[in-house]
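One letter stands for each residue in the lines below.
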Amino acid sequence: NIISSEQIQQQGQQNDVTKGLVNLDTYTSLQEAAEACGFCIDSVRVESLCLSSVLQNQASSDQKLSATLRTEMAEKTQRRQLLELEIEDRRRRIDQEAELKRIQVQTDAKLEEELHCLKEAELERRLYLRKMEVAADNEIENIADKNVMVFLKDLKEEGVDMTKFLCTAGGLEIVSPVFAKAASLKAENNRTKIAWKLDK
């Protein structure tokens, strides 16, 4: 029978060891020797167990080895758990970074769209103001032109020959301040047009 060092060291398992030692089948060679000598062994009783120094050293070595293996197993289990926690934490950080990037992209797109709308609104406002300025300038020119035409018609009604009047230096000197207020009548090529309107 095979008896382990743990069975010998542990008090609760020494009865099993004793049972193995008192079994006659364990001592077949002893029984054969006794029969050869003319007597028979009926039973065996164990009075006490005393471990040899070799067996004690073996048992102590086995216990140290078991303790070392248990310690190494516990350390490996702890390292594996720490590694799993680190991997989970890394995965969580990657997910958070991906979510932050997604939010940043959405925010940038929204800001860009709002900026585009603001630029369009600013452009429309400038175009509207420019149209208003042009309309105001045109209205001012129309008023000035009408004033010039009224002035010239008044001269005609007074019996002034407008063709001769506009072609003389004195006549131009008189009407120049009035023409200066009408942008459309400043050029000399408009004299014929003015005279034609007056004749009409």
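From a predicted model like this one, the values you see are computed outputs, not experimental measurements.

### Notes on the overall build of the chain
Moving on, step 1. Looking only at helices and strands, the chain has seven helices and zero strands in total.
Moving on, step 2. Tracing the chain from N to C terminus, the helices and strands come up as α-α-α-α-α-α-α.
Moving on, step 3. Sorting the 200 residues of the chain into buried and exposed places 13% on the buried side.
Moving on, step 4. Across the chain, contacts joining residues at least 24 apart in sequence account for 48% of those joining residues at least 6 apart.
Moving on, step 5. Carbon together with sulfur atoms contributes 55% to the accessible area of the chain, which is approximately 16300 Å² in total.

### Some points on the nonpolar core
Moving on, step 1. One finds Val148, Leu152, Leu155, Met162, Phe165 and Leu166 forming the largest nonpolar core, which totals six residues.
Moving on, step 2. Going through the elements one at a time, helix 4 (53-157) and helix 5 (162-167) are the ones with two or more residues in this core.

### Concerning the pattern of salt bridges
Side chains that differ in sign of charge can pair as their charged atoms come close.
Moving on, step 1. A full pass over the atoms with the stated rule returns 10 salt bridges.
Moving on, step 2. Between Arg126 and Glu122 there is a salt bridge whose closest N-O contact spans 3.1 Å. Placement of the pair is Arg126 and Glu122 together in helix 4, with a separation of four residues, close to one helical turn.
Moving on, step 3. Taking the relative accessible area as the measure of exposure, Arg126 reaches 53% and is therefore exposed.

### Focus on a nonpolar patch on the surface
Moving on, step 1. Side chains of Tyr128, Leu129 and Met132 sit close together on the surface and give an oily, nonpolar patch of about 310 Å² of accessible area.
Moving on, step 2. Looking at the element boundaries, Tyr128 is found in helix 4.

### Quick word on the confidence of the model for the chain
Moving on, step 1. Of the residues in the chain, 73% have a pLDDT of 70 or more, and the chain-wide mean is 77.
Moving on, step 2. The spread of mean pLDDT over the elements of the chain runs between helix 7 (residues 191-199), the lowest at 47, and helix 4, the highest at 88.
Moving on, step 3. Considering only residues more than four positions removed or in separate chains, one finds that residues 187-198, a stretch of pLDDT under 50, has 16 contacts.

Cut-offs used in this document
Residues numbered from 1 in each chain as written. Predicted model: local features only at pLDDT ≥ 70, side-chain atom pairs only at ≥ 80, totals over all residues. Heavy atoms only, no water. Helix = DSSP H or I, 4+ residues; strand = E, 2+ residues; numbered from the N terminus. Buried < 20%, exposed > 50% of the residue type's maximum accessible area, 1.4 Å probe, protein only. Contact = heavy atoms within 4.5 Å. Areas by Shrake-Rupley, 256 points an atom, 1.4 Å probe, with all protein chains shown as cover. Core = buried A, V, L, I, M, F, W, Y, C linked by side-chain atoms within 4.5 Å. Salt bridge = Lys/Arg side-chain N within 4 Å of Asp/Glu carboxyl O. Patch = residues over 30% accessible without salt bridge, like charges linked within 9 Å, V, L, I, M, F, W, Y side chains within 5 Å. pLDDT = per-residue confidence, 0-100.

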